[in-house]
Amino acid sequence: MLLARLAHVSQEVAATSARSRKIALLAELFRDAEADDVPIVIPYLAGRLPQGRLGVGWKVLSRPVAPAGEPSLAVREVDALLSELGKVSGTGSQAERARMVGELMGAATEDEQRYLLGLLTGEVRQGALDAVAVEGLAQATEAPPADVRRAVMLAGSLQTVAQALLADGPAALDRFRLTVGRPVLPMLAHSASSVAEAVDKLGACAVEEKLDGIRVQVHRDGDSVRIYTRTLDDITDRLPELTAAALELNGRRFILDGEVISFGADGRPRSFQETAGRVGSRVDVATAAETVPVSPVFFDALSVDDRDLLDLPFAERHAELARLVPEPMRVRRALVSGPQDVAEAERFLAVTLERGHEGVVVKGLDAAYSAGRRGASWLKVKPVHTLDLVVLAAEWGHGRRTGKLSNLHLGARTADGTFAMLGKTFKGMTDAMLTWQTERLQELATDTNGHVVTVRPELVVEIAYDGLQRSTRYPAGVTLRFARVVRYREDKRPEEADTVETLLAAHPEVKP
DNA sequence: TTCCGACAGTGGGGTCGCAAT
DNA sequence: ATTGCGACCCCACTATCGGAA
C-alpha cells in the first residue's frame, strides 16, 4: 500500500465528524490492505509509530525539502526506513539522522510530507483510534463487529486480529479464545459522584475497596506465572512477591484480576508514588523489593481451570475467586441488596477511607466482565476536594483548542501575600468557558510572548482535585492530583483565595 | 570517569462535545 | 436521555543517552 493512500484517508477521516463516515473510510482502506501492511497501517492510523519516538526534533523536520511530484513511497518502505533511522546512534548521529529524514521527505509528495510530519511529531489527530478501526475492520471483512471487538480484547491487540482477519477472513476469529498466558484488556470503571447514585443505578451490588496501586492481571499455568499491567506489559520480573503469592494459591491454572499495592509496617497503604516507583523499578529489583514490598489484592477471576468466566455474572466469578484466593488476598467488600441498603454502602466507604484507601468501586452483581471497556456496571466513588485558587498564567491550546487559552497555571496564597504555583489543569472547561477565559486572561496579560501567557494574579477559580502529592517541581513541594476546573469565582478577590497553609493542613499525611 | 539534564516511556487520571442509539 | 469514544493535557517515576564537569 502506498503512503499516499494512507495520507489521503487520514485527511478525510479527520475532516468528518460522523463516526459512520470514518468507519466507512477505514473499511475501504482495509479492503485494499495486504496482511503484511497491517502492523504498520494500524499504528499509523492511530498516529503512532511502531518504533516509538525517533529522536527527530523540530529543528530537523522544519527544514524544507522539495517534495516529489508523484507518490511512490510504500508504507512498508517508509517503516523500514524509520526503523533504520531509529538504529542510528553515536557520534555524528544527529547529522546522519537529518540526512535520512531529508531523503525520506524528498521522496514524498506534499500531502505525504504533511502526514509524515504529523506522525513524527505526534500531531495526527483524526478522531479515529482503535474503536473506530475495529468497526472499519469488521465492515471490510464482513465479520460481526461484536465478534471482532471480542477478539481484540482477547488478543489484547487490534493488530493481531486485523492481520488474521485480512489473511484468513472471519473464520480466523475463532482462534482468539481466552487463554492462560495471553493477557486480556482489563475492564475499567466509570465514575459516580456518590455511593447513593451508584447503588441507585446498579441495584444489588458489591461495594469494594478501591486501592491506589497498579492494576495487574495474574496468569498461572502450573508452575509458571506471568503478570501483566493494564496496557498488557509483562512485568513479571519486577514483582517476585506476586509470583510467590500466585504459586501459593490452590489452583494450577487461572487468570485473576487485581491491584498490586505496597503496605507500610503499620499496615496502612503507602502513597501511590511509592507503589508506582517500586513497580517501575527493574534494574535492582531485589533492593526495591526490600525497601518497598508489594502485595497483590485480587477482585475478579477471568478463567479457572480453562473455564472462561468472562460472560458469567460477577457474583459467580467472585464465588470462583473466593474458592481460589484466601480472604487477606482479596479486596474487602460489602454486599448491598439495593437502594434501601445505601446506608450500609456509605458506612463501608467511610471505613475504607479511614483505612487510608482511595474510595470504593460499586459493582453490579449480574454483570459480565466487559474486557477492554469502561463497563457501566463498575462505578468508582472517590471523595472530591475543592479549593479556590488564582490563575497565574495560561497556555495556548492545540487541536480543537487552537486559538484558545487552555491549560491554566494555578496558584495558592502564601504567607507573604504572593502566590505559589501548585500545578496546571486543562480539564472541566466547557467551550463557553474556554472562549470567556481566553478573552479575560488576555486582558490580564503581562507577558504574551511564547506559548505561556502570564497574567496578573486576579482571577479566582474553583478547582476540584483528588488529593495532594509530593512534588519536586513546584515551590510549595506539593501538587494537586487530577485537578479540574469547577467554575470561575468572579465574586471572590485573590486575597480570598485558599492558602498553601490551609491546603497542607487539610492533608496532614503529605509532607512537602 | 562520573554527574546531570533532557527525553522517552511507564503508571495513575476527569470532563467535555458529538454521534449514535 | 444515555452511552461510547476521542480529544484535551496533567502529575510522578524510572531508565537511558549524550555532553559537561
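Just so we're clear, the structure is a prediction, and the values are computed from it rather than from any experiment. (Residues numbered from 1 in each chain as written. Chains lettered and ligands numbered in written order. Predicted model: local features only at pLDDT ≥ 70, side-chain atom pairs only at ≥ 80, totals over all residues. Heavy atoms only, no water.)

### Points about the sheet that holds strand β6 (residues 295–304)
Point 1. With respect to topology, five strands assemble into an open sheet ordered β4-β3-β5-β6-β7, the strand pairing being antiparallel. Edge positions in the open sheet fall to β4 (224–228) and β7 (307–308), since each of these has one partner strand only.
Point 2. Where strand β3 (residues 214–221) and β4 come together, five bridges link them in antiparallel fashion. Paired with D221 across the two strands is S224, which belongs to β4.
Point 3. The strands touched by helix α12 (residues 240–248) within the sheet are β3, β4, β5 (253–261) and β6, with β3 carrying the most contacts at an inclination of about 50 degrees. (Pairing = 2+ DSSP bridges. Helix = DSSP H or I, 4+ residues; strand = E, 2+ residues; numbered from the N terminus. Contact = heavy atoms within 4.5 Å. Axes fitted to C-alpha atoms, helices over the stretch in contact; angles between N-to-C directions.)

### Examining the UniProt feature "active site" (unreviewed entry) in chain A
Point 1. Sites flagged by UniProt as "active site" (unreviewed entry) map to K210.
Point 2. Tracing the sequence through the fold places K210 in strand β2 (residues 205–210).
Point 3. Taking relative accessible area as the criterion, K210 reaches 17% and is therefore assigned buried.
Point 4. Other than its neighbours up to four places away in sequence, K210 contacts H357, E358, G359, V360, V361, K380 and K382. (UniProt positions renumbered as here; feature names shortened; annotations may be inferred. Buried < 20%, exposed > 50% of the residue type's maximum accessible area, 1.4 Å probe, protein only.)

### Structural notes on unusual backbone geometry
Point 1. For D305, which is not glycine, the phi torsion reads 50 degrees and is therefore positive.
Point 2. Take D305: its relative accessible area is 49%, and that puts it in the partly exposed class.
Point 3. A positive phi angle, near 65 degrees, is found at D306, a position not held by glycine.
Point 4. Locating D306 in the fold gives a position in the loop between β6 and β7.
Point 5. You can call D306 exposed: its relative accessible area is 51%.

### Let's talk about the protein's contact with DNA strand B
Point 1. If you check the shell around DNA strand B, you find 27 residues, and the closest are S17, S20, T229, T231 and K427.
Point 2. Among atoms of DNA strand B positioned within 4 Å of the protein, sugar and phosphate together represent 84%.
Point 3. Contact between DNA strand B and R230: a phosphate oxygen at 2.8 Å from a side-chain N or O atom of the residue.
Point 4. Here a base nitrogen of DNA strand B sits 2.8 Å away from a polar atom, N or O, in the side chain of K427.
Point 5. By residue class, the composition of the surface near DNA strand B is six nonpolar, nine polar and 12 charged. (Near = heavy atom within 4 Å. Polar contact = N/O pair within 3.5 Å; in protein donor to acceptor, adjacent residues only side chain to side chain. Nonpolar A, V, L, I, M, F, W, Y, C, P; charged D, E, K, R; others polar.)

### Things to note about the packing of helix α11 (residues 195–202) against helix α16 (residues 342–354)
Point 1. Where α11 contacts α16, the axes come no closer than 9 Å and their chain directions differ by 135 degrees. What the angle tells us is that α11 and α16 run oblique. Considering only the axes of α11 and α16, their crossing is right-handed. Across the interface between the two elements, V195, A196 and V199 from α11 touch V342, A345, E346 and L349 from α16.
Point 2. Counted by class, the contact of α11 with α16 contains six nonpolar, no polar and one charged residues. (Parallel < 35°, antiparallel > 145°, perpendicular 65-115°, else oblique. Left-handed = near helix turned anticlockwise from the far one by under 90°.)

### Let's talk about α11
Residue pairs spaced three or four apart in an α-helix point in one direction, given the helix's 3.6 residues per turn.
Point 1. By the burial criterion, the buried members of α11 are V195, A198, V199 and L202. The arc enclosing the buried residues of α11, seen along the axis, measures out at 95 degrees, which places them on a common side. Exposed and oriented more than 90 degrees from the buried face of α11 are D200 and K201.
Point 2. Those residues of α11 that are buried lie in contact with β2, β8 (333–336), α16, β9 (359–364) and β10 (374–381).
Point 3. Positive backbone phi, at 70 degrees, marks G203, one or two positions downstream of α11. (Arc of directions from axis to C-beta.)

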